[in-house]
Amino acid sequence: MEQHEPISESIIAAPAKINLHLHIVGLREDGYHELRTLFYPVSAFYDTIRIEPSHDDSMFMRCAERPELESTSNLIYKAWKAFGAATDYQPGMFVTLDKKIPLGGGLGGGSSDGAAMLRWLNENAGSKALPHDELINLAAALGADVPFFLMDGPAWASGIGEVLTPAEVDLSGTTLLIACPDIHVDTPWAFKAWDEANDFPSSEESLTTLGLGNKNPSLVSPPVVLNDFEPVVFKKHPTLRKIKEMLIQTGADAAAMSGSGASLFGIYRNKETATSAAQALKNNGIEIFTMNCQ
Ligand code: C5P
């Protein structure tokens, strides 16, 4: 690896996401699952990554809240390594991760951190920068949710999550509540449980008959917001079903689990309803994050 110009200090935000819609189409031969999912960025809820120059060409990582993340299995490190291998641009750096997005919550925190590093490297690589499609391929090799975080807005994803189409999703004026229970759902387990509960691939019909489209003006309606993982994950963690019920009972116009869980979200058209719903959920000991959608 050749020597690089010293880098300057940067602070980057790595936002969370929710899956407004997550339909598992079927199992592929390589063990991965074909999906149809609608990613929505939750920009008000983010990890912060501080990048500072280091005295040599290594990466050092610090995460005060979660020291177990200071490891070579972290997607920030993997992104740095993969980008260096692909482009020969691998500047030494100190990385300080301020972790706010819960781990294993279905909110894409680790994937977003990795994508933020890829984006930063590509923006600073000068003539070694990769074209967007190559950057997306590199991201997909790191994890199925990583490519989405290289987009700048909501997107439909197919394939294993790497075939992305920008989506026009207008949630403006609504309030999003994200419930972050202290439960960790293992993603490979969730896919396996779905396989065991579904002998044959679920039908594409269920997607098309809902009349989904990027420009659907009535996006905030219960039929569009769905998550195929819910039956298997709720069976193992009944608390999550109860939280979804609470979101609906407190007035959410739509509610679902995000990713393979354990976070759940509710979309409220009415701000006051959302405020009292958030309080009711907090009174039940559930950690709640609120975002007013613009
Ligand atoms: O790609 P990522 O590392 O996020 O995926 C974690 C695991 O989830 C994979 O190893 C695989 O078992 C499962 N997975 C899948 N189909 C997808 C995405 C993930 O089966 N589309």
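Asks: I would appreciate a short explanation of the environment of Ile 243 in the present structure.
Replies: By secondary structure assignment, the location of Ile 243 is in helix 7 (residues 238-249). For Ile 243 and Ile 101, which are 142 residues apart along the polypeptide, the C-alpha to C-alpha distance reads 19 Å. For Ile 243, the residues in contact, after removing those within four places along its chain, are Ala 179, Pro 181, Leu 264, Leu 281 and Ile 286.

Asks: Help me understand the state of the cysteines in this model?
Replies: What we call a disulfide is simply a covalent bond connecting the sulfur atoms of a pair of cysteines. Here the structure, examined in full by the defined rule, presents 0 disulfides. Of the cysteine sulfurs around Cys 63, a residue in no disulfide, the closest is that of Cys 180, at 16 Å. Judged by its relative accessible area of 1%, Cys 63 is buried. Cys 180 provides the cysteine sulfur closest to Cys 293, a residue in no disulfide bond, and the two sulfurs are 15 Å apart. Taking the relative accessible area as the measure of exposure, Cys 293 reaches 7% and is therefore buried.

Asks: I tried to follow the site of the ligand on my own but got confused; where do I start?
Replies: Around the ligand lies a shell formed by Gly 31, Tyr 32, His 33, Leu 35, Gly 143, Ala 144, Ile 160, Thr 187, Pro 188 and Phe 191. At 3.5 Å from an oxygen atom of the ligand is found a side-chain nitrogen or oxygen belonging to Tyr 32. Ala 144 is positioned with one of its backbone polar atoms (N or O) 2.8 Å from an oxygen atom of the ligand. Here the ligand is seated within the largest pocket. Those elements that place two or more of their residues in the shell around the ligand are strand 2 (33-53) and helix 4 (187-197). The element best represented in the shell around the ligand is helix 4, accounting for 3 residues. Class assignment of the residues belonging to the shell around the ligand gives a composition of 6 nonpolar, 4 polar and no charged.

Asks: Just checking my understanding: could you explain the packing of aromatic side chains for this structure?
Replies: Centre distance and the angle of the planes are the two values used to describe a pair of aromatic rings. Under the counting rule described, the total for this entry stands at 6 aromatic pairs. When the centroid spacing of 4.6 Å and the interplanar angle of 15° are considered together, the rings of Phe 39 and Phe 148 count as stacked. In this pair, Phe 39 sits in strand 2 while Phe 148 sits in the loop between helix 3 (132-142) and strand 5 (155-158), placing the two residues 109 residues apart along the sequence. Looking at Phe 39, the relative accessible area reads 1%, which means it is buried. Chaining the aromatic ring pairs together yields one cluster made of Phe 39, Phe 148 and Phe 149. Its guanidinium or amino end placed over the ring of Trp 189, Lys 236 lies 4.5 Å from that ring's centre, counting from NZ or CZ.

Asks: Teacher, can you tell me more about the pattern of salt bridges here?
Replies: A side chain of one charge can pair with a side chain of the opposite charge when the charged atoms of the two come close. Using the criterion set out here, one finds 13 salt bridges in the structure. Residue Arg 28 pairs with Asp 30 through a salt bridge whose shortest N-O separation is 2.7 Å. Judged by its relative accessible area of 48%, Asp 30 is partly exposed. A salt bridge links Lys 128 to Asp 88, with the shortest nitrogen-to-oxygen separation between them at 3.7 Å. With Lys 128 in the loop between helix 2 (109-124) and helix 3 and Asp 88 in the loop between helix 1 (75-87) and strand 4 (93-98), this pair connects stretches of sequence that are 40 residues apart. On the accessibility criterion, Lys 128 (23% relative accessible area) is partly exposed. Taking the relative accessible area as the measure of exposure, Asp 88 reaches 26% and is therefore partly exposed. What you see here is one network of salt bridges that share partners, running through Asp 47, Lys 99 and Asp 113.

Asks: I would appreciate a short explanation of unusual backbone geometry in the present structure.
Replies: Trans peptide bonds make up most of the peptide bonds, and negative phi angles are found at most residues other than glycine. Residue Ala 262 follows Gly 261 across a cis peptide bond; omega there is 10°. Assignment of secondary structure puts Ala 262 in the loop between strand 9 (254-257) and strand 10 (264-268). Its identity as a non-glycine residue notwithstanding, Asp 88 has a phi of 70°, on the positive side.

Asks: Before we go on, may I ask you to explain the packing of helix 1 against helix 2 in this structure?
Replies: Angle between the axes and distance between the axes are the two parameters that describe a pair of packed helices. The interhelical angle for the contact between helix 1 and helix 2, taken along N-to-C directions, is 35°, at an axis separation of 8 Å. Considering the relative orientation of helix 1 and helix 2, their crossing is right-handed. Of the residues in helix 2, those touching helix 1 at Leu 75, Ile 76, Ala 79, Trp 80 and Phe 83 are Gly 110, Ser 111, Asp 113, Gly 114, Met 117, Leu 118, Leu 121 and Asn 122. Residues that form the contact of helix 1 with helix 2 fall into these classes: 8 nonpolar, 4 polar and 1 charged.

Asks: Sorry if this is basic, but what is going on with the sheet that holds strand 10 here?
Replies: The strands that make up a sheet are held in pairs by hydrogen bonds between backbone atoms, and each pair lies either parallel or antiparallel. With antiparallel pairing, the 4 strands of this open sheet are ordered in space as 9-10-7-11. Two strands close off the open sheet at either side, each with one partner strand: strand 9 and strand 11 (288-292). Averaged over neighbouring strand pairs, the angle between their axes works out to 15° when direction is ignored. One ladder, built from 4 bridges, connects strand 9 with strand 10; its direction is antiparallel. Its bridge partner being in strand 10, Ala 256 is matched across the sheet by Phe 265. Packing of helix 7 onto the sheet brings it into contact with strand 7 (175-179), strand 9 and strand 10, and relative to strand 10 it is tilted by some 5°. Its contacts with the sheet put helix 8 (residues 271-283) on strand 7, strand 10 and strand 11, and the angle it makes with strand 7 is roughly 10°.

The rules we used
- Residues numbered from 1 in each chain as written.
- Predicted model: local features only at pLDDT ≥ 70, side-chain atom pairs only at ≥ 80, totals over all residues.
- Heavy atoms only, no water.
- Helix = DSSP H or I, 4+ residues; strand = E, 2+ residues; numbered from the N terminus.
- Contact = heavy atoms within 4.5 Å.
- Disulfide = S-S within 2.5 Å.
- Buried < 20%, exposed > 50% of the residue type's maximum accessible area, 1.4 Å probe, protein only.
- Near = heavy atom within 4 Å.
- Polar contact = N/O pair within 3.5 Å; in protein donor to acceptor, adjacent residues only side chain to side chain.
- 1 Å grid on protein atoms, 1.4 Å probe; cavity = no way out; pocket = protein on both sides within 12 Å on 5 of 7 lines; lining within 4 Å.
- Sits in = over half its atoms within 2 Å of the grid points.
- Nonpolar A, V, L, I, M, F, W, Y, C, P; charged D, E, K, R; others polar.
- Phe/Tyr/Trp six-rings, centres within 6.5 Å; stacked < 30°, edge-to-face > 60°.
- Lys NZ or Arg CZ within 6 Å of the ring centre and 35° of its normal.
- Salt bridge = Lys/Arg side-chain N within 4 Å of Asp/Glu carboxyl O.
- Axes fitted to C-alpha atoms, helices over the stretch in contact; angles between N-to-C directions.
- Left-handed = near helix turned anticlockwise from the far one by under 90°.
- Pairing = 2+ DSSP bridges.

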